[in-house]
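Now for the letters of each chain:
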Amino acid sequence: MSTRKIRVATTSLAGCFGCHMSFLDIDERIVGLIEHVEFSRSPINDIKHCHPDCDIGLIEGGLCNAENVHVLKEFRESCKIIIAVGACAINGGVPAMRNHFTLKECLEEAYLDGIGVENPMIPNDVELPLLLSKVHPIHEVVHVDYYLPGCPPPADAFMKVLTDLLEGKEPSLPKEILHFD
Ligand code: SF4
């Protein structure tokens, strides 16, 4: 492995954090990993913005609101390599099922007409990011260098991709850890 620590940033956009949980399923192997990796902005620390010179950005989740787009662009500007992690980042995933409905229908179901709704009102505080009319995969907004499939990708797949990159190799996944569910 390289002697220089590589800088990795991670984020969850319209994701469920399941991909991050699967990454953490590398368990004790994280101890060996952090000998070679330092983390920039990530939900696993308190860093608010990407270091301007990150090596790898792991992106979980597609794009469902304006903040997602903003964060994704920051990652693309800061990271040499962007990896779309999981089905949501790759093709929108389960959240993209809302694309079968209008945004108005979704908001009305969630905040006005849905079962159990009390004090019906669609939130409109200026602090809230505006929803996009559709959910998008990240490659529709930025260039993506690699795709790590799965919902979520298995921990072994995270290890294999990161190890390959640390060794300066083109990442490749053996069939047994390459899946799409
Ligand atoms: S790909 Fe699956 S596990 Fe990952 S964020 Fe999407 S729903 Fe969650």
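The structure under discussion appears in the preceding block.
Heads up: these notes are all about the structure in this document.

Rules behind the numbers
- Residues numbered from 1 in each chain as written.
- Predicted model: local features only at pLDDT ≥ 70, side-chain atom pairs only at ≥ 80, totals over all residues.
- Heavy atoms only, no water.
- Pairing = 2+ DSSP bridges.
- Helix = DSSP H or I, 4+ residues; strand = E, 2+ residues; numbered from the N terminus.
- Axes fitted to C-alpha atoms, helices over the stretch in contact; angles between N-to-C directions.
- Near = heavy atom within 4 Å.
- Nonpolar A, V, L, I, M, F, W, Y, C, P; charged D, E, K, R; others polar.
- Core = buried A, V, L, I, M, F, W, Y, C linked by side-chain atoms within 4.5 Å.
- Buried < 20%, exposed > 50% of the residue type's maximum accessible area, 1.4 Å probe, protein only.
- Contact = heavy atoms within 4.5 Å.
- Phe/Tyr/Trp six-rings, centres within 6.5 Å; stacked < 30°, edge-to-face > 60°.

### Quick word on the sheet that holds strand β3 (residues 54-60)
Point 1. Taken together, five strands build an open sheet; the order of strands is β2-β1-β3-β5-β7 and the sheet is parallel. Two strands bound the open sheet, and with one partner strand each, they are β2 (37-39) and β7 (146-148). Ignoring strand direction, the axes of neighbouring strands in this sheet form an average angle of 30°.
Point 2. Direction of pairing for strand β1 (residues 6-12) relative to β3: parallel, over a ladder of five bridges. Bridged to S12 within β3 is E60.

### Here we look at the site of the ligand
Point 1. Lining the immediate surroundings of the ligand are G15, C16, G18, C19, E60, G86, A87, C88, G150, C151 and P152.
Point 2. Where the shell around the ligand is concerned, the elements lending two or more residues are α1 (18-24) and α4 (86-91).
Point 3. Sort the elements by how many residues they give to the shell around the ligand and α4 lands first, with three residues.
Point 4. Residues that form the shell around the ligand fall into these classes: six nonpolar, four polar and one charged.

### Notes on the nonpolar core
Point 1. Counting 22 residues, the largest nonpolar core has F23, I56 and I83 as its most contacted members.
Point 2. The set of elements that each furnish at least two residues to this core consists of β1, α1, β2, β3, β5 (79-85) and α6 (155-166).
Point 3. Broken down by element, this core gets its largest block of residues, eight residues, from α6.
Point 4. When residues no more than four places from it in sequence are discounted, the contact partners of I83 are I56, G57, L58, I59, Y146, L148, V161 and L165.
Point 5. With 17 residues, the next largest nonpolar core counts L13, I59, F75 and C79 among its residues.

### Considerations on the packing of aromatic side chains
Point 1. Within the structure shown, the criterion is met by two aromatic pairs.
Point 2. When the ring of F23 is compared with that of F39, the centres are 6.2 Å apart and the planes differ by 55°; the resulting orientation is tilted. You can see F23 sitting in helix α1 and its partner F39 sitting in strand β2, a full 16 residues away along the chain. A single burial state applies to F23 and to F39, both of which are buried.
Point 3. Plain terms: the ring middles of F23 and F158 are 5.1 Å apart, the flat faces sit at 25° to each other, and that makes the pair stacked. Within this pair, whereas F23 is found in helix α1, its partner F158 is found in helix α6, the two being separated by 135 residues in sequence.
Point 4. Residue class for F23 comes out buried when judged on its relative accessible area of 4%.
Point 5. For F158, a relative accessible area of 3% puts it in the buried group.
Point 6. Members of the aromatic cluster, connected to one another through ring pairs, are F23, F39 and F158.

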